[in-house]
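# Summary of the model geometry
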Amino acid sequence: MNRDHTIPPTLKAAVALAFAVVLLALAFGPLSDTLTALNGDRISTWVMAAGIWGPIVIVGLMTTAIVATPIPSAPIALAAGAAYGHTLGTVYVVLGAELGALAAFGLARFLGRDVLRQWFGDRVDAGWLGSQNVLTLTVFVSRLLPFVSFDIVSYAAGLSRLQFWRFGLATLAGIIPASFVLAHFGSEVVSGDTTRAAWAAIGLGALTLTPLVIISIRDWQRRGLPHD
């Protein structure tokens, strides 16, 4: 069944308008300067002031940071580690990031997938864009690379034919390592142990470089095969 007949265009337009209003409010409203200039100290203050509701603050901020791209997410992860240690801090960061990614994926799928199919037809799923395995692996690898936009990948995946559960699983598996390292780094910085904090920073760097090294080796091997 064509979903265009089951979802009224007016509903899509209303959701798109509401989403645009929220983004504009976050970008240009009274909270814009506060949100775009978030740092670990400010978030830690909010978390401490929230008391038992502190974890909800962390999860809510992380979710919002994923859906609303201008908000930085790294300071939230560092503050989570500083406030709750690397174990619970990682749990809260992963939960918030996963919820934000699923929300971004769902918005893109709901608002944009059918539009792309109307414009481009079957070409939108041509080649590797039509492979569930390739799309899943792409999402997973992108989650391991901190310099790849988490938000853009989530929205782009929603526009593809990638299944919802595959996206959620690939995202969950990919964000745990970086979330742990960031939360651990925040925890060690607060503890005052500069040596362990330095090792956490080295771990984050290794986590970033490892996928690039693997990809480079595979590309080098493929280029060398015809010459053997």
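Values in this document were obtained by computation on a predicted structure and should not be read as measured data.

### Here's the deal with helix 8 (residues 150–159)
- Of all the 10 residues making up helix 8, 7 are buried; the element is thus mostly covered by neighbouring parts of the structure.
- For helix 8, the full list of buried residues reads F150, D151, V153, S154, Y155, A157 and G158.

### A word on the side chain of R166
- When you line up the elements, R166 lands in helix 9 (residues 164–191).
- The buried category is assigned to R166, whose relative accessible area is 19%.
- If we skip the residues at most four places from it in the chain, R166 touches Q132, N133 and T136.

### Quick word on the environment of S187
- Inspection of the secondary structure assignment puts S187 in helix 9.
- Every residue in contact with S187, bar those within four places of it in the chain, is listed here: G81, A82, G85 and H86.

### Thoughts on the UniProt feature "transmembrane region" (unreviewed entry) in the protein
- Mapped onto this numbering, the UniProt entry gives "transmembrane region" (unreviewed entry) at residues 43–68, 89–112, 132–157, 164–185 and 197–217.
- Secondary structure across residues 132–157 divides into 77% helix and 0% strand, with the first and last C-alpha atoms of the span separated by 11 Å.

### Focus: the environment of R42
- In this structure, R42 sits in helix 4 (residues 40–50).
- Placed 34 residues apart in sequence, R42 and I76 show a C-alpha to C-alpha distance of 9.6 Å.

### Details of the nonpolar core
- Ranked by size, the top nonpolar core spans 28 residues in total, and within it I43, I58, M62, I76 and F167 carry the most contacts.
- With 10 residues, the top contributor of residues to this core is helix 6 (residues 74–120).
- If we skip the residues at most four places from it in the chain, M62 touches S73, I76, A77, V93, G96 and A97.

### Observations regarding the packing of helix 7 (residues 132–143) against helix 8
- Where helix 7 meets helix 8, the axes come as close as 10 Å, and the angle between the chain directions of the two elements is 170°. For the element pair helix 7 / helix 8, the angle class is roughly antiparallel. Taken together, the residues of helix 8 that come into contact with helix 7 (itself represented by V139, S142 and R143) are F150, V153, S154 and A157.
- Its residues assigned to classes, the contact of helix 7 with helix 8 comprises 4 nonpolar, 2 polar and 1 charged.

### Here's the deal with the packing of helix 5 (residues 54–67) against helix 8
- Put simply, helix 5 and helix 8 touch, their axes get as near as 8 Å, and they point 65° apart. Accordingly, the angle class assigned to the pair helix 5 and helix 8 is roughly perpendicular. Here helix 5 contributes A65, I66 and V67 to the contact with helix 8, which in turn contributes F150, D151 and Y155.
- Within the contact of helix 5 with helix 8, the residues separate by chemical class into 5 nonpolar, no polar and 1 charged.

About the criteria used
Residues numbered from 1 in each chain as written. Predicted model: local features only at pLDDT ≥ 70, side-chain atom pairs only at ≥ 80, totals over all residues. Heavy atoms only, no water. Buried < 20%, exposed > 50% of the residue type's maximum accessible area, 1.4 Å probe, protein only. Helix = DSSP H or I, 4+ residues; strand = E, 2+ residues; numbered from the N terminus. Contact = heavy atoms within 4.5 Å. UniProt positions renumbered as here; feature names shortened; annotations may be inferred. Core = buried A, V, L, I, M, F, W, Y, C linked by side-chain atoms within 4.5 Å. Axes fitted to C-alpha atoms, helices over the stretch in contact; angles between N-to-C directions. Parallel < 35°, antiparallel > 145°, perpendicular 65-115°, else oblique. Nonpolar A, V, L, I, M, F, W, Y, C, P; charged D, E, K, R; others polar.

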